[in-house]
Amino acid sequence: MRVPVALLWLLAAPVALAQTPSAEDPAMAACLPGLVARAREQGVTPALAEAQLSGLAADPDVLAATRKQAEFEKPVWAYLDAAVSEEAVTDGRAKLVSEASLPAIEAAYGVDRHVLVAIWGIESGYGSVLDDPRKVRPVLRSLATLACAGDKRAATWTEELVAALRILDLGRTTPERLTGSWAGAMGHTQFMPTTYLRHALDFDGDGRADIWTSAPDALASTAQYLRTLGWRPGEGWGGEVVLPAGFDYRLADETTSRTLAEWRALGLRPAGREIGIDTDTARLVLPAGARGPAFLLRPNFGALLGYNTAFSYALAVAHLSDRLRGEPGFVQAWPRGDRPLSNDERREIQTVLEAKGHPVGGVDGRIGPRSRAAIRAWQAAEGLVPDGYADSTLLDRLRAGN
Ligand code: CA
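Everything quoted here is computed from the prediction, not taken from an experiment.

Peer 1: Just give me the short version of empty space enclosed by the protein, but keep the residues and values in it.
Peer 2: Applying the stated criterion to the full structure yields 1 cavity of 30 Å³ or more. Of the volumes computed, that of the largest cavity is approximately 40 Å³. Counted by class, the lining of the largest cavity contains 4 nonpolar, no polar and 4 charged residues.

Spelled out as structure tokens, the structure:
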């Protein structure tokens, strides 16, 4: 007999949410007392920490999600396709009209409403995932699972777990409502517990900073947080640019800020709207190398990276905010034919570069700014276009020259 999927969910839900006796999870049973002790040291009421953590079993879905995240790194265009879909644009434009708190939040905090709505859309589908039991789970169990998993981020997960317990201790919400993603990110704009404690605020005036059920609270908290991350009122994030023929790609080093007048003198021009005034500063980034679009990024892009350090995330927020405002897609196409590199292949690129005297700042399978700088240096030394892009062609060339 086939059981409908929806019925399986009904059958599975009580088991998944129940606190399985710790005797069935000896690794957690051995780990939890240390977490309770840590919470007590940090000032959480001992009885509360004991009651909330004792008997928790590890969540296998959380462990599976962390393994999956480590293995796969989506190309930037694949992330953008999913995050800045036509549906996301349509739904976001509807939210710009229906969410009545946005003008007041924009006026109070100086953060563009289109950016706030873009973050809302990418973090939680404008709140729609918060009702999905497959995506939303108890934060304490997720964070205890991660804190006890024995990886190098255990101290960070423990700090977040203690912050989550403090949220309960302060009476900000109930254990039943303390829900979030597999990594413990909570509410409409996915605040980690430590971020909640530092930045969550009450905007709708009911006296509670409720980022789980109040969109005005979550959006205002996000605006306030972006200001602390350096968001500059009245400025944009940057924009796409077209590079001149024969451009020296070593100038696209991601870090050197030049004025827009200086960039123009180097031959750059906006692909669409203007990016700022002559004296504004920006840095040049080519996330998919010389064959993909180029961007001049203003300081506000850095505030988005403070919210989430993934470049693809920040670019998706920036681009969705433009699309919500009615601007078109990027002019230059992405190199979509490229085969995504596996974690092992990215590590191989880093290992070979290190061996050739171009330090990448640690072989970790993540091609970040240090790795791209090393790639540019090697490409320049080899007489190749120094665009810092890690693709299968680069891997083949590094292997051939090894
Ligand atoms: Ca409130």
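Alright, that's what it looks like, and here's the rest.
Peer 1: I'd like to hear about the pairing of strand E7 (residues 294–297), residue by residue, with values.
Peer 2: Covered by surrounding structure in E7 are Ala294 and Leu296 together with Phe295 and Leu297, the residues of both alternating faces. As paired strands, strand E3 (residues 238–242) and E7 are joined by 4 bridges and run antiparallel to one another. Residue pairing in the sheet places Gly239 in a bridge with Leu296 of E7. Relative to E7, strand E6 (residues 281–285) runs antiparallel, the two being bridged by 3 bridges. Across the sheet, Leu284 pairs through a bridge with Leu296, a residue of E7.

Peer 1: Got a sec to walk through the coordination of the calcium ion? Specific residues and values, please.
Peer 2: For the calcium ion, the full set of protein donor atoms is Asp202 (OD), Asp204 (OD), Asp206 (OD), Arg208 (O), Asp217 (OD) and Asp217 (OD), at a range of 2.1 to 3.0 Å. With 6 donor atoms in place around the calcium ion and angles of 47 to 163 degrees between them, the coordination shape is irregular. Binding-site remark: the calcium ion is held by donors from one chain whose sequence spacing is D-x1-D-x1-D-x1-R-x8-D.

Peer 1: Got a sec to walk through the confidence of the model for the chain? Specific residues and values, please.
Peer 2: When the pLDDT values of the chain are averaged, the result is 91; 93% of them are 70 or greater. The low-confidence segment residues 1–22 (pLDDT under 50) makes 14 contacts with residues lying over four places distant or belonging to another chain.

Peer 1: How would you explain helix H12 (residues 215–228) if you had to name every residue and give the values?
Peer 2: With 14 residues, H12 should reach 20 Å at 1.5 Å per residue; the first-to-last C-alpha distance of 20 Å fits that figure. Counting buried positions along H12 gives 11 out of 14 residues, so the element sits mostly inside the fold. If you follow the buried residues of H12, they end up packed against helix H7 (102–109), helix H8 (113–124), helix H11 (193–199) and helix H14 (299–307). The N-cap of H12, judged by a side-chain oxygen 3.1 Å from the amide nitrogen of Asp217 a few residues on, is Ser214. Looking one or two residues beyond H12, the residue adopting positive phi is Gly230, at roughly 105 degrees.

Peer 1: Describe the UniProt feature "domain: Peptidoglycan binding-like" (unreviewed entry) in the chain, listing the residues and the values that go with them.
Peer 2: Taking the UniProt record as the reference, the feature "domain: Peptidoglycan binding-like" (unreviewed entry) is found at residues 343–398. Note that residues 343–398 is 61% helix and 0% strand, and that its end C-alpha atoms are spaced 16 Å apart.

Peer 1: Go over H14, please, and point to the residues and values.
Peer 2: Along H14, the residues that are buried comprise Asn300, Phe301, Ala303, Leu304, Leu305 and Tyr307. Each element contacted by the buried residues of H14 is listed here: H8, H12, E6, E7 and helix H15 (311–324).

Peer 1: Please set out the environment of Ala65 residue by residue, giving values where relevant.
Peer 2: Position of Ala65 among the secondary structure elements: in helix H4 (residues 60–71). For Ala65, a relative accessible area of 16% puts it in the buried group. C-alpha separation for the pair Ala65 and Arg134, spaced 69 residues apart in sequence, amounts to 12 Å.

Peer 1: Would you mind going over the environment of Asp25 in detail, with residue names and values included?
Peer 2: Relative to the assigned elements, Asp25 resides in the loop between helix H1 (5–17) and helix H2 (26–41). Judged by relative accessible area, which is 15%, Asp25 ranks as buried. Note: C-alpha distance between Asp25 and Leu56 (31 residues apart in sequence) is 8.4 Å. Every residue in contact with Asp25, bar those within four places of it in the chain, is listed here: Ala57 and Ala58.

Peer 1: Give a description of the nonpolar core that names residues and reports values.
Peer 2: Formed by 84 residues in total, the largest nonpolar core has its most connected members in Leu178, Leu226, Leu304 and Leu320. Considering each element in turn, this core owes the most residues, 8 residues, to H15. Taken domain by domain, the makeup of this core includes at least three residues from each of domain 1 (8–228) and domain 2 (238–324). Beyond its immediate sequence surroundings of up to four residues, Leu304 is in contact with Val115, Ile119, Leu226, Trp231, Tyr313, Ala314, Val317 and Ala318. Counting residues in each nonpolar core, the second largest holds 15 residues, with Val241, Leu251, Leu260 and Leu284 among its members.

Peer 1: Describe the domain arrangement of the chain, listing the residues and the values that go with them.
Peer 2: You can read the domains of the chain as domain 1 (8–228), domain 2 (238–324) and domain 3 (343–400). A straight line from the C-alpha centre of domain 1 to that of domain 3 covers 35 Å. On the side of domain 3, 6 residues touch domain 1, which itself brings 4 residues to the contact. Taken together, the two surfaces of domain 1 and domain 3 that pack against each other cover about 410 Å², and 28% of this comes from carbon and sulfur. Across the contact surface, domain 1 and domain 3 share 0 salt bridges. Between domain 1 and domain 3 we count 0 residue pairs in polar contact (both at pLDDT 80 or more) in total. A class-by-class count of the residues in the side of domain 1 that touches domain 3 yields 2 nonpolar, no polar and 2 charged.

Quick notes on the rules
- Residues numbered from 1 in each chain as written.
- Predicted model: local features only at pLDDT ≥ 70, side-chain atom pairs only at ≥ 80, totals over all residues.
- Heavy atoms only, no water.
- 1 Å grid on protein atoms, 1.4 Å probe; cavity = no way out; pocket = protein on both sides within 12 Å on 5 of 7 lines; lining within 4 Å.
- Points joined across faces, edges and corners; volume = space filled by probe spheres on them.
- Nonpolar A, V, L, I, M, F, W, Y, C, P; charged D, E, K, R; others polar.
- Buried < 20%, exposed > 50% of the residue type's maximum accessible area, 1.4 Å probe, protein only.
- Helix = DSSP H or I, 4+ residues; strand = E, 2+ residues; numbered from the N terminus.
- Pairing = 2+ DSSP bridges.
- Donors = N, O, S within 2.8 Å, 3.2 Å for Na, K, Ca; no water.
- Tetrahedral: all angles 85-135°; square planar, octahedral: opposite > 155°, others 65-115°.
- pLDDT = per-residue confidence, 0-100.
- Contact = heavy atoms within 4.5 Å.
- Expected span 1.5 Å × (residues − 1).
- Polar contact = N/O pair within 3.5 Å; in protein donor to acceptor, adjacent residues only side chain to side chain.
- UniProt positions renumbered as here; feature names shortened; annotations may be inferred.
- Core = buried A, V, L, I, M, F, W, Y, C linked by side-chain atoms within 4.5 Å.
- Domains from an automatic or database assignment.
- Buried area = accessible area lost by both parts, 1.4 Å probe.
- Salt bridge = Lys/Arg side-chain N within 4 Å of Asp/Glu carboxyl O.

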